[in-house]
Every structure is written in C-alpha cells, then in structure tokens.
Amino acid sequence: QPKVIGLTARKTDFTLLYYGKERGQTVIWANKYGPGASLLDSTIVTGLGNLYYTPGFLLVRSEDRSKALIYYIEKQDLIKAFAFDVERMKLLWETSLMLDDFNYYQHFQQMLLDNEGNMTLVLEKDNFRSKKDAHRFEAYTFYSESRMLERYDIPMPGMLTYDASFTYDHINSLLVGGWLFSEKNLFRPDGYFF
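Residues numbered from 1 in each chain as written. Predicted model: local features only at pLDDT ≥ 70, side-chain atom pairs only at ≥ 80, totals over all residues. Heavy atoms only, no water.

With that settled, the discussion passes to the overall build of the protein. Within the protein, the regular secondary structure consists of one helix and 15 strands. If you line up the protein on its principal axes, its C-alpha atoms span 55 × 40 × 35 Å. Counting only residues that meet the buried cut, the protein has 47% of its 194 residues in that class. Put simply, 35% of the contacts in the protein that link residues at least 6 apart link residues at least 24 apart. Carbon together with sulfur atoms contributes 50% to the accessible area of the protein, which is approximately 11000 Å² in total. Each charge sign in the protein was given a centre, from 22 positive and 25 negative side chains, and these centres are 5 Å apart. (Helix = DSSP H or I, 4+ residues; strand = E, 2+ residues; numbered from the N terminus. Buried < 20%, exposed > 50% of the residue type's maximum accessible area, 1.4 Å probe, protein only. Contact = heavy atoms within 4.5 Å. Areas by Shrake-Rupley, 256 points an atom, 1.4 Å probe, with all protein chains shown as cover. Lys, Arg positive; Asp, Glu negative; His and termini not counted. Charge placed at Lys NZ, Arg CZ, Asp CG, Glu CD.)

Below you can see the structure in the form of structure tokens.
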C-alpha cells in the first residue's frame, strides 16, 4: 500500500515520490513518467529500515525542479533529510540534524532547497514581547558537496515578526527573506522588512 509523498513536474516529465513497506522495511521510491504517463525510470531513493511508526514525510522542491528534498521530524527535535536529484534519479545525500535548543513546533519557520542541492533550515527564536530584544532568525545550511553545516544568525532586536517567507536568490547566491513586523504586538503590523 504505497503512499504518495509528492511529485515534482518539469517540462517533459514528472517524478512521483512515494513510500511503503517492503519485507517489513520502510522504503522511499521515485518513478519518473513521460508524456502520456509512460514510465521512464524507477529507483529506490533510500531505505529507512524497520520503523515502528510512519514518518510524516514532507517534500520541498528546488526552484528549477531538478532536486527534491524529503524530510521528516522525529521526536520534535531530530530532522532526517534526503536530497534527491530528479534529473539523474539519484540520491545526493542524507543527513540527521539534532540542533541545540530546537523544538519543531516552537521554532521551525521554513525549509529550502537550492538548485545545487544545498538545504537551508530557517528557525525563529524568541519572538515574544518579553524577549523581543533577543528575537532572531537562525539559518542552518547543509552543503551538498562538503556535507558541512553552517549557521547564520539574523538578529531582529526590538521587533516582533510574523508571516515570514524566505527564498534563495540564485543570481547572487543569497538567502532572501521578507516579513511583516511590529514593535508592540503581533496583532497589528507596523511595517514590512526585507
């Protein structure tokens, strides 16, 4: 009984990512289809072993739709992620991240994947009126080539933020974000920030 994680569509084909059980093991597969939904290629993305629970898989696509990121959260503080090259039908990398002072439901803001297969996780910390001087975003980038994790802080002292959205600027190789902010409460914005 396979279950769909998501799909990534390009001009001439689309790739369906799904998971299921095979001999008691949880497995993620990728099927690439062409015009008329004819099967062009199929592969196993990764095997997760014998899990006693069903992960809540999430999918993020790169802007050019050449890469896909599948991730899930384990115990609210461990992130397991897999980057898949849709063009070559090949697993690029997999990683497990356990960050200090991280709780998915309190801090998670957004997950991004750039066209090179680098993953960026954006967290929001101390977005409370009582702690607004310590308020900040934290960005963690996992680089595909080096398998290194780098942290960046985006301080927001004296501001409360909401409706934040981030993207990757491929021309200038920058993480770009925009959001509404307030100086007193989260019910009335005072302006926007970029």
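Pairing in this open sheet of four strands is antiparallel, and the strands run E9-E10-E11-E12 from one edge to the other. Looking along the sheet, the strands with just one partner apiece sit at the ends: strand E9 (108-113) and strand E12 (149-155). The mean angle between the axes of side-by-side strands here comes to 15°, regardless of whether they run parallel or antiparallel. As defined by bridge partners, strand E10 (residues 119-125) adjoins strand E11 (residues 136-142) across seven bridges and the pair is classed as antiparallel. By the bridge assignment for E11, Leu123 is matched with Glu138. (Pairing = 2+ DSSP bridges. Axes fitted to C-alpha atoms, helices over the stretch in contact; angles between N-to-C directions.)

Let's shift gears to the sheet that holds strand E13 (residues 160-169). Pairing in this open sheet of three strands is antiparallel, and the strands run E13-E14-E15 from one edge to the other. Of all strands in the sheet, those with a lone pairing partner are E13 and strand E15 (191-193), marking the two edges. Each neighbouring strand pair of the sheet contributes to a mean axis angle of 15°, computed without reference to strand direction. Sheet analysis places E13 next to strand E14 (residues 174-182), joined by eight bridges and oriented antiparallel. What sits directly across from Ser165, in E14, is Gly178.

Another aspect to go through is a negative patch on the surface. A cluster of like negative charges, contributed by Glu63, Asp64, Glu116 and Glu145, occupies part of the molecular surface. Here Glu63 shows up in the loop between strand E5 (58-61) and strand E6 (67-74). (Patch = residues over 30% accessible without salt bridge, like charges linked within 9 Å, V, L, I, M, F, W, Y side chains within 5 Å. Salt bridge = Lys/Arg side-chain N within 4 Å of Asp/Glu carboxyl O.)

Our focus in this paragraph is the packing of aromatic side chains. Inspection of every chain in the model, using the stated rule, returns 14 aromatic pairs. With centroids separated by 5.4 Å and ring planes inclined at 25°, the aromatic side chains of Tyr18 and Trp29 adopt a geometry described as stacked. Here Trp29 lies in strand E3 (residues 25-33) and Tyr18 lies in strand E2 (residues 14-22), a separation of 11 residues in the sequence. Across the pair, Trp29 and Tyr18 agree in class, each one buried. A ring pair is formed by Tyr52 and Tyr53, whose centres lie 5.2 Å apart and whose planes are at 70°; its orientation type is edge-to-face. Taking the relative accessible area as the measure of exposure, Tyr52 reaches 76% and is therefore exposed. (Phe/Tyr/Trp six-rings, centres within 6.5 Å; stacked < 30°, edge-to-face > 60°.)

Time to look at unusual backbone geometry. Positive phi, normally seen in glycine, also occurs at Ala37, with a value near 60°. With respect to the secondary-structure elements, Ala37 resides in the loop between E3 and strand E4 (39-49). Taking the relative accessible area as the measure of exposure, Ala37 reaches 48% and is therefore partly exposed. Its identity as a non-glycine residue notwithstanding, Met89 has a phi of 55°, on the positive side. Inspection of the secondary structure puts Met89 in the loop between strand E7 (78-85) and strand E8 (90-98). By relative accessible area, Met89 is classed as buried at 8%.

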